[in-house]
Amino acid sequence: MTSLVPPFEAQRPCRILLVATMRNEGPYILEWLAYHRAIGFTDIVVCTNDCVDGSPALLDRLQALGLVTHLAHAVAPDDKPQLAAYARAEALPVLAEAAWIMVLDADEFLNVHVGEGRVTDLIEAVPGCTAVLVNWRVFGSSGHHAWSPDFVTERFTRAAPRGHGVNRPYKTLFTRAGAYGCKLLPHQPRFPRPEALGTLRYVNGAGDVLPAYFHDESRNEFLQSEPGAVSWRLAQVNHYNTRSWDDYVVKHRRGGGLNIDWDRDANWPVFDRNEEEDATIAGRLPAARTLYDAFLADDGVRACHARCCRLYGAHVAASTPSAIRPGSQAPAGT
């Protein structure tokens, strides 16, 4: 069986942690996990709650193989599922042991543009910084209506132009977790301890040093870049917010992890951005595919993944029988 650990991982002792919350993402877990292990995340924690697609069983099998830590989380009535899961994950020993940490969702892929595209290449490109704020690049449906278990990173290649406002939010790769009162949050660690403020140095996706308000929280609006300041020179986060229309309807039925209501039909055209082609992630996919195939060589993983696809398909069918897709930005040439 092909090794499940990228060869460079043993050469780099730096522990780099990725934390995610997921609900009903079963068909897409193996690609997401293979990709992020292939680019150098050494430890991955996935929290799930209230899944109907069999994904907890898949994650349990992956945990048995040493590939992920799975926290099956029960959500209390007044909890915000994402925040409650992050709070539980913060208690894990790996939070103190990891040199760098990032929080991503199942529809987000860190796409590093320097070196060989590994997380360590990004870290080495910004010496002395304590956090890299990596902007989204929002990808649309590329004209796909139906869901598919095929690679998300290969199916969806049309995206919003740099200047579009949907790209202003960012995700944060950071070190020195002990400097924060709250380490794990969707976009960046928060509530820095007073004694740590003078030691924090944040940079953007171009490696430029950012104003102090991005970490000292002296301004209310700091969880996204200023208008016109989005940069992907060093890295971007490919955010497949919609995937296909089928996936999007399932996502809306699931609801947000912060209990925020959103209008399905109004939000679809906002995030279904297809103005430009972006295949910059393609160079990292062969390594991800090798690990993906190695995962599927395990009988337990293969059976669980197949079950996830069946159950997800049934969930799609129950969620979208009469859903009509509203207008959006069509891919060029369609």
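A quick note: this is a predicted structure, and the numbers were derived from the prediction, not measured.

**Q** I tried to follow the pattern of salt bridges on my own but got confused; where do I start?
**A** Any two side chains of opposite charge can pair, on the condition that their charged atoms come close. In the structure shown here, the tally under the stated rule is 16 salt bridges. Ionic pairing is found between R61 and D298, a salt bridge with its closest N-O pair at 2.7 Å. Linking R61 in helix α2 (residues 55–64) with D298 in the loop between α10 (285–296) and α11 (299–319), this pair joins segments that are 237 residues apart in sequence. The structure contains a network of salt bridges with shared partners spanning R15, D43 and E97.

**Q** Before we go on, may I ask you to explain α2 in this structure?
**A** Structurally, the α-helix is built with 3.6 residues per turn, so residues lying three or four positions apart point the same way. All of the buried residues along α2 are S55, L58, L59 and L62. Burial along α2 is one-sided: seen end-on, the buried residues are contained in an arc of 95°. Turning to α2, the residues buried within the fold contact α1 (29–38), β2 (43–48), β3 (69–72) and α11. Downstream of α2 by one or two residues, G66 has phi in the positive range, about 80°.

**Q** I tried to follow unusual backbone geometry on my own but got confused; where do I start?
**A** Note on backbone geometry: most residues besides glycine have negative phi, and most peptide bonds are trans. Phi is positive for N24, which is not a glycine, with a value near 60°. In this structure, N24 sits in the loop between β1 (16–22) and α1. Residue class for N24 comes out buried when judged on its relative accessible area of 6%. The phi dihedral of F191 falls on the positive side, at around 60°, and the residue is not glycine. Looking at the element boundaries, F191 is found in strand β10 (residues 190–192).

**Q** Please explain the nonpolar core as it appears in this structure.
**A** Within soluble globular proteins, side chains that are nonpolar tend to cluster in buried spots. Membership of the largest hydrophobic core comes to 67 residues, with the highest contact counts inside it found for W32, F41, L62 and L110. Looking at which element gives the most residues to this core, the answer is α1, with seven residues. In contact with L110, other than residues within four places in its own chain, are Y35, H36, I39, F41, M102, L104, V119, V134, A235, Q236 and V237. Residues L17, Y86, V103 and Y213 belong to the second largest nonpolar core, which totals 28 residues.

**Q** Can you walk me through the packing of α1 against α10 in this structure?
**A** The geometry of a pair of packed helices is captured by two quantities: the angle between their axes and the separation between those axes. Between α1 and α10, the least distance of the axes is 8 Å, while the angle of their chain directions is 125°. In terms of orientation, α1 and α10 fall into the oblique class. In this structure, α1 crosses over α10, and the sense of that crossing is right-handed. Seen from α1, the contacting residues are L30, E31, L33, A34, Y35, R37 and A38; seen from α10, they are L285, A287, A288, L291, Y292, F295 and L296.

**Q** So what exactly am I meant to see when it comes to helix α3 (residues 81–89) here?
**A** Turning to α3, its buried residues number three or more, namely P81, Q82, A84, A85, Y86 and A89. On its buried face, α3 sits against β1, β2, β3, α4 (94–97) and β4 (100–103).

**Q** Sorry if this is basic, but what is going on with the packing of aromatic side chains here?
**A** How two aromatic rings sit relative to each other is set out by the distance from centre to centre and by the angle between their planes. All chains considered together, the criterion is met by twelve aromatic pairs. With 5.6 Å between their ring centres and 85° between their planes, F109 and Y240 make a pair best called edge-to-face. Linking F109 in strand β5 (residues 108–112) with Y240 in the loop between β12 (235–239) and α8 (245–254), this pair joins segments that are 131 residues apart in sequence. Neither residue differs from the other here; F109 and Y240 are each classed as buried. Judged by centre distance (4.9 Å) and plane angle (90°), the rings of W245 and W268 are edge-to-face. Placement of W245 in helix α8 and of W268 in helix α9 (residues 264–271) is noted, with a sequence separation of 23 residues between them. For the pair formed by W245 and W268, the shared burial category is buried.

**Q** Teacher, can you tell me more about the pairing of β1 here?
**A** Among the seven residues of β1, seven are classified as buried, and the element is accordingly described as predominantly covered. Here β1 shows two buried faces, one formed by I16, L18, A20 and M22 and the other by L17, V19 and T21. Note: β1 against β4, four bridges, orientation parallel. Of the residues in β4, the one forming a bridge with I16 is W100. Note that β1 and β2 share six bridges and pair parallel. Looking at the pairing, T21 lines up with C47 of β2. Assessed by its sense of winding, the connection that carries the chain from β1 through α1 to β2 is right-handed.

Parameters and conventions
- Residue positions are given per chain, counting from 1 as you read along its sequence in written order.
- Reporting of local features is limited, given that this is a predicted model, to residues whose pLDDT is at least 70; pairs of side-chain atoms are given and counted only at 80 or more, and all residues count toward the totals for whole chains, interfaces and linings.
- With hydrogens and water excluded, all non-hydrogen atoms of the structure serve as input to the side-chain values.
- The rule for a salt bridge is simple: a side-chain nitrogen of Lys or Arg has to be within 4 Å of a carboxyl oxygen of Asp or Glu.
- Note on conventions: DSSP H or I runs of at least 4 residues are helices, E runs of at least 2 residues are strands, and numbering of each starts at the N terminus.
- When a residue's accessible area, from a 1.4 Å probe over protein chains only, is under 20% of the maximum for its type it is buried; when over 50% it is exposed; and in between it is partly exposed.
- Note that the arc is computed from the directions linking the helix axis to the C-beta atoms.
- Contacts were defined at the residue level, with two residues in contact if any of their heavy atoms lie within 4.5 Å.
- The set of buried Ala, Val, Leu, Ile, Met, Phe, Trp, Tyr and Cys residues whose side-chain atoms join them within 4.5 Å is what this entry labels a nonpolar core.
- Note on definitions: angles span 0 to 180 degrees between N-to-C directions of axes, and those axes are lines fitted to C-alpha atoms, for helices only across the stretch in contact.
- What sets the label is the angle itself: under 35 degrees gives roughly parallel, over 145 gives roughly antiparallel, 65 to 115 gives roughly perpendicular, and the rest give oblique.
- Each crossing gets its handedness from the near helix: less than a right angle anticlockwise from the far helix is left-handed, clockwise is right-handed.
- Between rings of Phe, Tyr and Trp, where Trp is taken as its six-membered ring, a pair exists when centres lie within 6.5 Å; planes separated by under 30 degrees are stacked, by over 60 edge-to-face, and by other angles tilted.
- DSSP-based pairing: two strands are paired if at least 2 bridges between them are found.
- When the strands point away from the viewer and the path from the first strand over the helix to the second turns clockwise, the crossover is right-handed.

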